[in-house]
Every structure is written in C-alpha cells, then in structure tokens.
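Structure at a glance
What follows is each chain in one-letter form.
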Amino acid sequence: MSQKKHARTLTIANNKGGTGKSFTTMLLADYAARQKMKVLVIDLDPQTNLSRRFVEMDYINTDKTYEFVPPIHPEWDPNDSEWTSGRSSAADIWISDFPVVYPTKRHESIEILPGHSADLQKVEMVTQSDVFTKVLNRLYKFVRLEGVIDAYDLILIDTRPSKGPLTSAALFSSSNVVIPSEMEVPSIEGLLSMFGLVQSLNGSRPKNDQLKISGILPNKFRKQTIIHKEHLHELSRDPKLKSYILPYYLSDRVGYKESMIVEADSIFDLPPKNPLRLEATKVCKEIFKRVFG
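A few points on the structure. Just so it is clear, the model here is predicted, and its values are computed rather than measured.

What counts and what doesn't
- Just so you know, the residues in each chain are numbered from 1, in the order the chain's sequence is written.
- Predicted model: local features are reported for residues with pLDDT of at least 70 only, side-chain atom pairs are reported and counted for 80 or more only, and whole-chain, interface and lining totals are derived from all residues.
- With hydrogens and water set aside, each side-chain value is computed from the structure's full complement of heavy atoms.
- Basic side-chain nitrogens of Lys or Arg form a salt bridge, by our definition, when they fall within 4 Å of a carboxyl oxygen of Asp or Glu.
- Runs of E in the DSSP output that reach at least two residues are strands. Runs of H or I that reach at least four are helices, and both are numbered from the N terminus.
- Partly exposed residues are those whose accessible area sits between 20% and 50% of the maximum for their type, while under 20% is buried and over 50% is exposed, using a 1.4 Å probe and protein chains only.
- What counts as an axis is a line fitted to C-alpha atoms, over the stretch in contact for a helix, and the angles between N-to-C directions run from 0 to 180 degrees.
- Working definition: roughly parallel below 35 degrees, roughly antiparallel above 145 degrees, roughly perpendicular at 65 to 115 degrees, and oblique for all remaining angles.
- For this analysis, residues touch if any pair of their heavy atoms sits within 4.5 Å.
- Three residue categories are used. Nonpolar comprises Ala, Val, Leu, Ile, Met, Phe, Trp, Tyr, Cys and Pro, charged comprises Asp, Glu, Lys and Arg, and polar comprises the others, including Gly.
- A right-handed crossover is one whose linking path, passing over the helix from the first strand to the second, runs clockwise when the strands point away from the viewer.
- By nonpolar core we mean a set of buried residues, namely Ala, Val, Leu, Ile, Met, Phe, Trp, Tyr and Cys, connected to one another through side-chain atoms within 4.5 Å.
- Left-handed describes a crossing whose near helix is turned anticlockwise from the far helix through less than a right angle; right-handed describes the clockwise counterpart.
- For Phe, Tyr and Trp, where Trp contributes only its six-membered ring, two rings pair if their centres lie within 6.5 Å, and the inter-plane angle classes them as stacked under 30 degrees, edge-to-face over 60, or tilted in between.
- By the criterion adopted, a ring carries a charge over it if an Arg CZ or a Lys NZ lies within 6 Å of its centre and within 35 degrees of its normal.

1. A few points about the pattern of salt bridges
Enumeration according to the criterion identifies 15 salt bridges in this entry. In this structure, the salt-bridge partner of Asp58 is Arg87, at a minimum N-O distance of 2.7 Å. A residue pair is termed long-range when its members are at least 10 positions apart, and Asp58 in strand β3 (residues 58-62) and Arg87 in the loop between β4 (65-69) and α3 (92-95) qualify at 29 residues. In this structure, the salt-bridge partner of Arg205 is Asp209, at a minimum N-O distance of 3.2 Å. Among the residues examined, Arg205 registers a relative accessible area of 4% and is labelled buried. A network of salt bridges, in which partner residues are shared, links Glu184, Arg222, Asp252 and Lys257.

Right, dumping it as structure tokens:
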C-alpha cells in the first residue's frame, strides 16, 4: 500500500455527536501505521478529543475560559522571529499558512496537526459568501500540496458533529468519507444528512475528483438489542444505502471506550486473538479495501 500515486484523504463525519468519529479516526490511524503507511491526522474538532490521544495537549486559561491547546512544538526554536508562539495547529492552515505537524507518541509513522479550540472556532466565523474561498478552498489546496501528498500515504480528518464550514471543508477536500453511526434514529438521521451534504459539495468539484462514500460504519452496535438489528436490517435493504453499509461493525464494548483514555495502548497492540482486535481489524481492512481499492 505504501507505493502510492498520491495520498488518500479520508474524512470521518456524521452530523450527530457521539457516533465514534474520533475513535474511528484513531483506530484507522493505528491500523494504517501497522501497515507501514505514513499517516497525517488533522483534528478539526474544537473539542480536541482526538488530539489528546496523540500528543500531550496543554490546558490553559484563555479569555477567561480553560481550553486545550497544542503543546510547544519539540522542534521550536525560541529565537525564531517568525514563529513566536512555538505552537501550531490545524487552524494554521487558515490563520497563518504555516501549519507545522507534530510527531505522535502512538507510532513513529503517525503525525498530527492537533486541534486548537479557539482558533478553529475563529475559522468558522465567516460570512456565507466567504465559506468557499476562505474555508473550503484553503483546505482543498493544502491536502493537495506536493509536499503533503508526497509525504503521506493517508490523511485522516476528524470533524465536529455539524455541517458547518469546517466539516464542509473536510468533505470538500477529501477523496473519501466514512460515516460512523449508531443504529439509533438521531445517528441515522445524521448520516442521511451527510449524504445530502456530499452530493451538494460534489457539485462544486471536478467530475474526475468526486468525493466517494467509502462506507457507513455501524458503531456501538449491540446485537442483542432488537432496535439495533432492525435499523441495520432496514439500512441494508435500502436501495440507495445498502452498498455503503460495511459488512462488519464495531460492538458496544468497554474495551473500545478504555482505548480512548489518554496513554491507553492501541487496540492493535492487544494479543492477535483478542476479540476487540479481531473485530477492529475486520472493519479497518474493509474500509482500506474501499478507500485504496
């Protein structure tokens, strides 16, 4: 897989919160690294939950509120007159045109542009008429820079639970999208909303560079819960959706939640026959088959 033409950019998105977007992004990054792929993670969620799994974020007082911000970069030179803060984040794609990736503690093959709550929210404070030129188009150009697409096999983008400018920018910029969803009505409504947004954004993209939906991932699935099985059955029979439903799901397991604790080991460091690792491997293999084709 590492012999590529150019990096794939995969966004994880759902209009509904709590569907496991950050966990899915982390899982795919961990899996890709173990396939000897070079990975860039971009955290566009102001909550920065994903960032805290990869770097040790600072918790500081900003404008009378406390928030997580990226740490001082390990390669920062305090004598650098152009980079005075020593920090960088995904928001710098828009704010400074000088984003600097961080190494991560999870794997040497994974780098990240962490989130910055206040700065990412500033990016979204644009007028409707400026969304395309000032938000969508900037990220689209960034992930296609020669220095980016040549450096990575996979770019993973985590998004906030909304259809705002940052989520739209992630989708507009990506080659592929995976939509994790609980088999509950609010989550299913969120994934249906994502389908409409993808169709709308593709209308502004070249015909030979359309965003592909690489799967709907049933997440937090409880096979003993009747409503979960009914919703999955209905989605699997829908003529417009059935081809997107992944044949594997992630169960509602405590071990997955524990893997999101800061400093927790990767699911893929568990014993080969561990049920969590086996289940996660099936899901990731299927997604990669659809993304890299």
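2. Points about the packing of helix α1 (residues 21-34) against helix α11 (residues 275-292)
In the contact formed by α1 and α11, the axes pass within 10 Å of each other and the chain directions differ by 80 degrees. Looking at the two axes, α1 sits roughly perpendicular to α11. Where α1 approaches α11, its residues Leu27, Leu28, Tyr31 and Ala32 are matched on the opposing element by Ala280, Thr281, Cys284, Lys285, Ile287 and Phe288. Taken together, the residues that form the contact of α1 with α11 break down as eight nonpolar, one polar and one charged.

3. Observations concerning the side chain of Glu124
Checked against the element boundaries, Glu124 lands in the loop between α4 (117-123) and α5 (131-142). On the accessibility criterion, Glu124 (16% relative accessible area) is buried. Among all residues touching Glu124, those that are not within four sequence positions of it are Arg160, Gly164, Pro165, Leu166 and Thr167.

4. Considering the pairing of strand β9 (residues 212-218)
Within β9, six of the seven residues are buried, leaving the element largely enclosed by the surrounding structure. The β-α-β motif built from strand β8 (residues 176-181), the intervening helix α8 (residues 185-202) and the parallel element β9 has right-handed crossover chirality.

5. Let's talk about the nonpolar core
One finds Ile42, Leu44, Trp94, Leu139 and Ile155 to be the most contacted residues of the largest nonpolar core, which totals 46 residues. Tallying contributions element by element places α8 first for this core, with seven residues. Listed in part, the 37 residues of the second largest apolar core include Leu27, Val41, Leu276 and Phe288.

6. Considering the packing of helix α7 (residues 165-173) against α8
Contact pair α7 / α8: the axes reach a minimum separation of 10 Å and the direction vectors enclose 60 degrees. Between α7 and α8, the angle is such that the two are oblique. Pair α7 / α8 crosses with right-handed handedness. Seen from α7, the contacting residues are Thr167, Ser168, Leu171 and Phe172; seen from α8, they are Met194, Leu197 and Leu201. Across the contact of α7 with α8, the residue classes break down as five nonpolar, two polar and no charged.

7. Quick word on the packing of aromatic side chains
Two measures describe an aromatic ring pair: the distance that separates the ring centres and the angle between the ring planes. What the rule picks out here adds up to nine aromatic pairs. Summarising the aromatic geometry, the rings of Phe195 and Tyr244 are spaced 5.2 Å apart at their centres and angled 75 degrees between planes, so their arrangement reads as edge-to-face. Placement of the pair is Phe195 in helix α8 and Tyr244 in the loop between α9 (226-237) and α10 (254-258), with a sequence separation of 49 residues. Members of the aromatic cluster, connected to one another through ring pairs, are Tyr31, Phe268, Phe288 and Phe292. Of note, Arg52 hangs over the ring of Phe68, and the distance from its end group to the ring centre comes to 4.1 Å. One residue, Arg106, lies across the ring of Phe54, its end atom 5.7 Å from the ring centre.

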